[in-house]
Amino acid sequence: MTKFRVRVSTGEAFGAGTWDKVSVSIVGTQGESPLVPLDHLGKEFTAGAEEDFEVTLPQDVGAVLMLRVHKAPPKLPLPLGSLRPDAWFCRWFQLEWLPGAALRFPCYQWLEGEGDLVLREGAAKVSQEDHHPALQHQRQEELKARKEMYSWKTYAEGWPRCLDHATVKDLDLNIKYSAVKSARFYFKVHSAFTEMKIKGFVDRTGLWRSLREMRRMFNFHKTPAAEYVFAHWQEDAFFASQFLNGLNPVLIRRCHSLPKNFPVTDEMVAPVLGPGTSLQAELEKGSLFLVDHGILSGVQTNVVNGKPQFSAAPMTLLYQRSGSGPLLPLAIQLKQTPGPDNPIFLPSDDKWDWLLAKTWVRNAEFSVHEALTHLLHAHLLPEVFALATLRQLPHCHPLFKLLIPHIRYTLHINTLARKLLIAPGQVVDRSTGLGIGGFSELIKRNMEQLNYSVLCFPEDIRARDVEDIPGYYYRDDGMQIWGAVKSFVSEIVSIYYPSDVSVREDEELQAWVREIFSEGFLSRESSGMPSLLDTQEALVQYVTMVIFTCSAKHTAVSAGQFDSCVWMPNLPPTMQLPPPTSKGQARPESFIATLPPVNATCDVIIALWMLSKDPGDGRPLGHYPDEHFTEDAPRRSMAAFQRQLIQISKGIAERNRGLALPYTYLDPPLIENSVSI
């Protein structure tokens with residue numbers, strides 16, 4: 001006879017408890033025990049409870065390998081009104097056989113309906129370290145079941161592949177929003193829509209009457225950053241600063257020679273450059289920068305309210321005066337092919353000509369940001385990482401334990417987006433200048449260009465040659481966050497992979513990398529994405545990229561959407577008149593007529609309000625309440641990572657005290673661990 005104490009911890013989430021009956025058997029080196037019920041007088045497994053059960057086994061099973069958990073409905077009828085009786089969120093089990101001698105079995109999963117779940121003791125193991133056949137078999141069976149549950153589909157040709165589920169109702173509870181998060185999400189959608197409906201904006205298909213009338217829309221959930229945008233949106237310095245610290249701070253690059261299709265002359269830019277210099281001199285000094293939206297050239301456009309919409313593919317030249325002066329725009333050309341019907345707009349032009357040209361650039365920013373920077377890079381790619389992780393790495397794998405907090409809710413929000421945002425008849429289709437067809441075309445184009453180095457933050461900064469441009473807080477904070485994540489990942493990798501050989505020999509790791517390459521990057525060799533990893537250094541870089549993309553990168557390009565768009569002229573989602581072909585034609589009336597109609601403005605602002613503000617149940621970067629790692633070494637690394645993030649946050653707060661517009665989008669407490677909204 002062998003006696004154990006079994007301690008069980010139930011999650012605290014709404015609905016986490018269960019009325020079902022739970023039994024356990026212990027799998028050891030000498031066999032498996034019979035199922036033993038975990039039963040007290042009264043109800044067990046209530047939300048937030050930790051309970052002890054005395055268990056006696058009829059025979060010794062040898063050294064403990066695994067714990068089999070069986071859950072089944074009770075034989076007695078359930079009390080009236082019991083909620084979700086067949087679902088239970090178990091945090092962990094613990095086996096104790098002597099005082100101080102215990103094994104922890106992390107779970108952190110929902111168990112739905114009747115069935116079994118096999119749990120491993122918490123020490124992380126790569127596959128080649130599991131020498132017992134029962135442990136190897138368990139890994140294989142777990143992954144087989146996960147691959148059946150989570151499968152790939154092609155949503156659109158040329159896009160990364162995604163989860164093969166049509167609606168969030170189809171999702172397994174372990175990847176779904178919590179009940180509280182889901183309720184808050186839909187409440188926010190309903191309340192925002194109702195507010196706009198009461199104001200009479202939702203159903204108005206016509207033009208705004210004036211900029212003054214738009215201010216009524218601006219009163220919708222104002223933020224300090226949005227108020228700053230409203231006060232400064234027409235200023236050249238603020239226009240330029242948004243390429244550095246706005247919602248799409250990833251395009252600006254140093255210009256070493258003017259593109260041949262952007263024939264800016266010294267005479268054009270002399271009023272801004274001043275005397276004693278020239279374009280060539282400034283190019284040689286490295287003080288000129290370019291933002292090129294050429295990927296928009298010839299892209300398909302949409303029809304909104306029965307009217308065809310328009311797009312431009314602008315190039316913007318910017319100037320950073322030596323010293324501490326602000327970045328300023330020098331010239332804007334709205335199409336890629338120069339000619340008499342494609343003038344180069346200048347700060348010295350008429351006020352409305354210049355403002356309209358800048359607004360066309362802001363519309364291009366909207367299109368490129370929403371289709372590529374946000375949807376493709378910060379949602380579709382993290383979904384690839386999430387799905388490959390679930391399919392290729394078992395729970396006991398160190399990389400699963402490391403990555404699972406960084407894929408939380410990602411499959412839910414992306415499934416929801418495919419239903420509510422990018423489906424026919426939904427927001428992108430109804431209210432943006434490119435529509436679903438244009439978005440899809442942009443994603444296909446970018447997928448053909450996308451390179452691994454773009455996803456690795458320091459390499460991207462170097463490639464764009466923007467290491468020293470002043471006031472680039474996205475770069476400054478991003479480099480610190482990347483460094484902290486890389487240091488953390490490096491420590492974890494060194495614990496479980498003592499050599500390059502151990503990296504190469506981990507078949508589960510290699511299958512994970514291959515699946516990301518084939519399903520996410522469509523096996524395109526020119527992407528530079530690894531299809532295998534053969535060194536510790538390569539593994540650290542790769543995992544750092546995954547965590548950074550799923551956390552900091554997403555927050556940086558998502559959290560500011562509402563701030564940038566609620567004053568719509570700063571970020572128009574569509575344009576109703578074609579780009580100007582000459583100067584001197586713009587007037588206040590034609591400026592208003594070019595901007596989106598009232599209902600489209602409303603539609604997009606409500607959507608971006610939802611996508612910018614997490615509805616709750618969030619977890620900041622480095623916050624790991626689910627204790628998947630049980631060993632001391634990785635827990636020490638987590639604590640060091642958290643301390644480093646606290647120091648980074650203190651430095652950001654100190655810098656922001658001196659800024660008229662604080663940059664907060666990469667402040668660690670505001671960065672979500674995963675793509676969850």
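Further up the page is the structure itself.
Computed from a predicted model, the values in this text were never measured in an experiment.

With that settled, the discussion passes to the overall build of the protein. Check the secondary structure of the protein and you find 22 helices and 18 strands. By the compact-globule yardstick of 26 Å for 677 residues, the protein fits well, its C-alpha radius of gyration being 28 Å. Dimensions of the protein, computed from C-alpha atoms along their principal axes, come out at roughly 95 × 55 × 45 Å. When contacts within the protein are restricted to residue pairs at least 6 apart in sequence, those whose partners lie at least 24 apart make up 75%. Element-wise, carbon and sulfur atoms account for 54% of the exposed surface of the protein, whose accessible area totals about 26,800 Å². Here the protein carries 68 positive and 76 negative side-chain charges, and the mean point of each set is 5 Å from the other.

One open sheet accounts for five strands, arranged β12-β13-β16-β17-β18; its pairing is antiparallel. Each having just a single partner strand, β12 (253-254) and β18 (344-345) make up the two edges of the open sheet. Helix α5 (residues 236-245) rests against β13 (288-292), β16 (315-320) and β17 (327-333) of the sheet, and its axis sits at about 90° to β17. Its contacts with the sheet place helix α6 (residues 266-273) against β16, β17 and β18, and it is angled at close to 160° to β17.

Once that is clear, we can look at the pattern of salt bridges. Side chains that differ in sign of charge can pair as their charged atoms come close. Scanning the entire structure with this criterion turns up 34 salt bridges. Note that Glu32 is salt-bridged to Arg68, the shortest N-O span being 2.7 Å. Of the two residues, Glu32 is situated in strand β3 (residues 31-32) and Arg68 in strand β6 (residues 64-72); the sequence distance between them amounts to 36 residues. A relative accessible area of 34% places Glu32 in the partly exposed class. The class for Arg68 is partly exposed, based on a relative accessible area of 25%.

One non-glycine residue, Asp465, adopts positive backbone phi at about 55°. Mapped onto the elements of the fold, Asp465 is located in the loop between α14 (457-463) and α15 (473-496). The exposure class of Asp465 is partly exposed, given its relative accessible area of 23%. For Leu522, which is not glycine, the phi dihedral falls at a positive 55°. Positionally, Leu522 belongs in the loop between α17 (507-520) and α18 (536-558). Judged by its relative accessible area of 36%, Leu522 is partly exposed.

Secondary-structure assignment places Arg7 in strand β1 (residues 2-10). In this structure Arg7 comes out as partly exposed when scored by relative accessible area, which is 28%. As for Arg7 and Phe53, which are separated by 46 residues in sequence, their C-alpha atoms are 6.3 Å apart. Not counting residues up to four positions away in its chain, the partners in contact with Arg7 are Glu50, Glu51, Asp52, Trp92, Phe93 and Gln94. At 2.7 Å, the side chain of Arg7 forms a polar contact with the side chain of Asp52.

Definitions and limits used
- Along each chain, residue indices are assigned from 1 in the same order as the chain's sequence is written.
- The model is predicted, so local features are restricted to residues of pLDDT at least 70 and side-chain atom pairs to those at 80 or more, both for listing and for counting; the totals for chains, interfaces and linings are taken over all residues.
- No hydrogens and no water enter the side-chain calculation; it runs on all heavy atoms of the structure.
- We count a stretch as a helix when DSSP gives it H or I for four or more residues in a row; a strand needs E for two or more, and each element gets its number in order from the N terminus.
- Here the globule rule reads 2.2 Å times residues to the power 0.38, and the radius of gyration is calculated from C-alpha atoms.
- Contacts: residue pairs with any heavy atoms within 4.5 Å of one another.
- The method behind every accessible area is Shrake-Rupley, applied with a 1.4 Å probe, and residues are considered shielded solely by the protein chains displayed.
- Only four residue types enter the tally: Lys and Arg on the positive side, Asp and Glu on the negative side, with His and both chain ends excluded.
- The location of each charge is read from NZ of Lys, CZ of Arg, CG of Asp or CD of Glu.
- Any two strands are treated as partners once DSSP identifies two or more bridges connecting them.
- Whenever a helix is involved, its axis is fitted only over the stretch in contact; in every case the axis is a line through C-alpha atoms, and angles between N-to-C directions fall within 0 to 180 degrees.
- By definition, a salt bridge exists where a carboxyl oxygen of Asp or Glu is found within 4 Å of a side-chain nitrogen of Lys or Arg.
- Think of it in three bands: residues with accessible area under 20% of the maximum for their type are buried, residues over 50% are exposed, and the middle band is partly exposed, with areas taken using a 1.4 Å probe on protein chains only.
- Two N or O atoms count as a polar contact when they lie within 3.5 Å, although within protein this holds only if one can serve as hydrogen donor and the other as acceptor, and sequence-adjacent residues are included solely when both atoms are side-chain atoms.

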